[in-house]
Amino acid sequence: MSSRRSSRLRQSGSSRISDDQIADLVTKLQHLIPELRRRRSDKVSASKVLQETCNYIRNLHREVNDLSDRLSELLASTDDNSAEAAIIRSLLNY
Amino acid sequence: MASADKPINTDVPEKDVFALHFLQSLSNLRRQNTFNSPEKTNDRVKKIKKAAYVSMARAAGGTSRLWSRALLRRAAKETNKVVRFSRRKKRVTWLRRRSNRRDPVEEEEKEAERLRNLVPGGGAMETSKLIEETAYYIKCLSMQVKVMQCLVDGLSPK
């Protein structure tokens, strides 16, 4: 528990994070989001980046939910042997 | 962490690592007879979803990331009800003073708030840390989605 506390202190007690660092991080984030990567402009505001990030994360969560649904159906309906073989085969082929 | 020149590392492990952890989780579920028993579909889906997030957190490095640590902690004490992320300490924003007018920095902070609710453990993070963790979280999430998509494609009848 004390390690948790000290790691928090390290973040907020250390020298102030510069605006440059924050801008740099926001740029990195911008490159990760497909929506914003297509625009290729540097004029996307930080709040827009954060907004698109939220949307992107929500989409990813939704995809995980959908895929969990489908996986649940598929895994329940296939029998053991073929399921294992199919799983290993599909993951080795990506 | 204190140096301003240190580059923020957001490399994630290879897709195999995520696939391996997810497979392990799935085979654990298989051993518990999750797929063959006449269970309610909802429970099965929930277990798979939980396995997905937990295996993703493990693949990403377990407790070495704030968000993965929060995910694992939540999974460990989760029952059947939804757990909301609560703020445990007063967070530090990048606003040096609170301004009453609607300026851009306030907009950023509002969006950052929303982001905090989406990223596990975000409530306790300082804004710059939040952004760093988000970058990593997004990468891992999309890896996990790719792995699951591969599985679904492989298992679907041709």
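Within each chain, residue numbers correspond to sequence positions counted from 1 in written order. Ligands are numbered from 1 and chains lettered from A, in the order in which they are written. Residue-level local features of this predicted model are given only where pLDDT is at least 70; pairs of side-chain atoms are given and counted only at 80 or more, and the full residue set underlies all totals for whole chains, interfaces and linings. Side-chain metrics in this entry use all non-hydrogen atoms of the structure; hydrogen atoms and water are not considered.

Named according to an unreviewed UniProt entry, chain B is IBH1-like N-terminal domain-containing protein originating from Brassica carinata. UniProt positions are given in the numbering used here, feature names are shortened, and annotations may be inferred rather than shown by experiment. In its Subcellular location (unreviewed entry) section, UniProt records this for chain B: "Nucleus".

As recorded in an unreviewed UniProt entry, chain A goes by the name BHLH domain-containing protein, listed as coming from Brassica carinata. The record held by UniProt for chain A lists under Subcellular location (unreviewed entry) the comment "Nucleus".

(A) Representation of the overall build of chain A within the structure. Runs of E in the DSSP output that reach at least two residues are strands. Runs of H or I that reach at least four are helices, and both are numbered from the N terminus. The helix and strand inventory of chain A stands at five helices and zero strands. Reading the helices (α) and strands (β) of chain A from amino to carboxyl end gives α-α-α-α-α. Each residue is placed in one exposure class: buried if its accessible area under a 1.4 Å probe, protein chains only, is under 20% of its type's maximum, exposed if it is over 50%, and partly exposed if it falls in between. Within the span of chain A, comprising 94 residues, buried residues form 38% of the whole. In this description, accessible areas are obtained by the Shrake-Rupley approach with a 1.4 Å probe, and a residue is regarded as covered only by the protein chains that are shown. Total accessible area on chain A stands at roughly 5800 Å², and carbon and sulfur atoms take up 46% of it.

(B) A look at the pattern of salt bridges. Residue and element names in this part refer to chain B. The rule for a salt bridge is simple: a side-chain nitrogen of Lys or Arg has to be within 4 Å of a carboxyl oxygen of Asp or Glu. All told, the structure shown has eight salt bridges over all chains when counted by the stated rule. Residues Arg-114 and Glu-111 are paired through a salt bridge, measuring 3.6 Å at the closest nitrogen-oxygen approach. Of the two residues, Arg-114 and Glu-111 both sit in helix H4 (residues 104-118), three residues apart, roughly one turn of that helix. Given the relative accessible area of 38%, Arg-114 is considered partly exposed. Of the charged contacts, one joins Lys-129 and Glu-132 as a salt bridge, the two residues approaching to 3.8 Å between their closest N and O atoms. With Lys-129 and Glu-132 both in helix H5 (residues 127-155) and three residues apart, the pair spans about one turn of that helix. The same class applies to Lys-129 as to Glu-132, namely buried.

(C) Layout of the packing of helix H2 (residues 19-32) of chain A against H5 of chain B. Helix axes are fitted to C-alpha atoms over the stretch in contact, other axes to C-alpha atoms as well, and angles between N-to-C directions run from 0 to 180 degrees. Two numbers describe how H2 of chain A lies on H5 of chain B: the axes approach to 10 Å, and their chain directions differ by 20°. As summarised for this structure, H2 of chain A and H5 of chain B are arranged roughly parallel, according to the angle between their axes. Seen from above, H2 of chain A lies across H5 of chain B with left-handed handedness. Contacts from Ile-22, Leu-25, Val-26, Leu-29 and Leu-32 of chain A of H2 of chain A reach H5 of chain B at Ser-128, Ile-131, Glu-132, Thr-134, Ala-135, Ile-138 and Lys-139 of chain B. Note that the term roughly parallel is reserved for angles under 35 degrees, roughly antiparallel for angles over 145, roughly perpendicular for angles of 65 to 115, and oblique for everything else. By definition, any crossing whose near helix is turned counterclockwise from its far helix by less than a right angle is left-handed, and any crossing with a clockwise turn is right-handed. Contacts were defined at the residue level, with two residues in contact if any of their heavy atoms lie within 4.5 Å.

(D) View of the confidence of the model for chain B. All names here are of chain B. pLDDT gives the predictor's per-residue confidence on a scale running from 0 to 100. In this model, chain B carries an average pLDDT of 77, and 75% of its residues clear a pLDDT of 70 or more. The model gives residues 1-5 a pLDDT under 50, and that stretch makes eight contacts with residues more than four places away or in other chains. Ignoring residues within four places in sequence, the model shows residues 95-101, a span with pLDDT below 50, making seven contacts including any to other chains. Interface confidence for the predicted complex, given as ipTM, is 0.75, next to a pTM of 0.74.

(E) Seen up close, the packing of aromatic side chains. Residues and elements named next belong to chain B. Two rings belonging to Phe, Tyr or Trp (six-membered ring only in the last case) form a pair when the distance between their centres is within 6.5 Å. Interplanar angles under 30 degrees mark stacking, angles over 60 mark edge-to-face geometry, and anything in between is tilted. Evaluated as defined, the whole model comprises two aromatic pairs over all chains. Measuring from ring centre to ring centre gives 6.4 Å for Trp-67 and Tyr-136, while their planes differ by 45°; the resulting arrangement is tilted. Here the residue Trp-67 occupies a position in helix H3 (residues 66-77), and Tyr-136 occupies one in helix H5, the gap between them amounting to 69 residues. With respect to class, Trp-67 is no different from Tyr-136; both count as buried. Cluster of aromatic residues (ring-pair linked, three or more members): Trp-67, Tyr-136 and Tyr-137. Directly above the aromatic system of Tyr-136 lies the positively charged group of Arg-65, at a separation of 4.0 Å from the ring centroid. Remark: a charge is flagged as sitting over a ring if the NZ atom of Lys or the CZ atom of Arg is within 6 Å of the ring centre and within 35 degrees of the ring normal.

(F) How the structure looks around H5 of chain B. What a helix is expected to span follows from its residue count: subtract one and scale by 1.5 Å. With 29 residues, H5 of chain B should cover 42 Å at 1.5 Å per step; its first-to-last C-alpha distance of 41 Å lies within 8% of that length. For H5 of chain B, a buried count of 25 out of 29 residues is recorded, marking the element as mostly surrounded by other parts of the structure.

(G) A look at the nonpolar core. Leu-71 of chain A together with Phe-22, Met-56 and Trp-67 of chain B are the most contacted members of the largest nonpolar core, which has 61 residues in total. Elements represented by at least two residues in this core include exactly H2 and helix H4 (46-77) of chain A together with helix H1 (15-31), helix H2 (41-59), H3, H4 and H5 of chain B. Top element by residues in this core is H5 of chain B. It accounts for 15 residues. Leaving out residues up to four positions away in the same chain, Phe-22 of chain B has contacts with Leu-71 of chain A together with Ile-48, Ala-51, Ala-52, Ser-55, Gln-144, Val-147, Met-148 and Leu-151 of chain B. By nonpolar core we mean a set of buried residues, namely Ala, Val, Leu, Ile, Met, Phe, Trp, Tyr and Cys, connected to one another through side-chain atoms within 4.5 Å.

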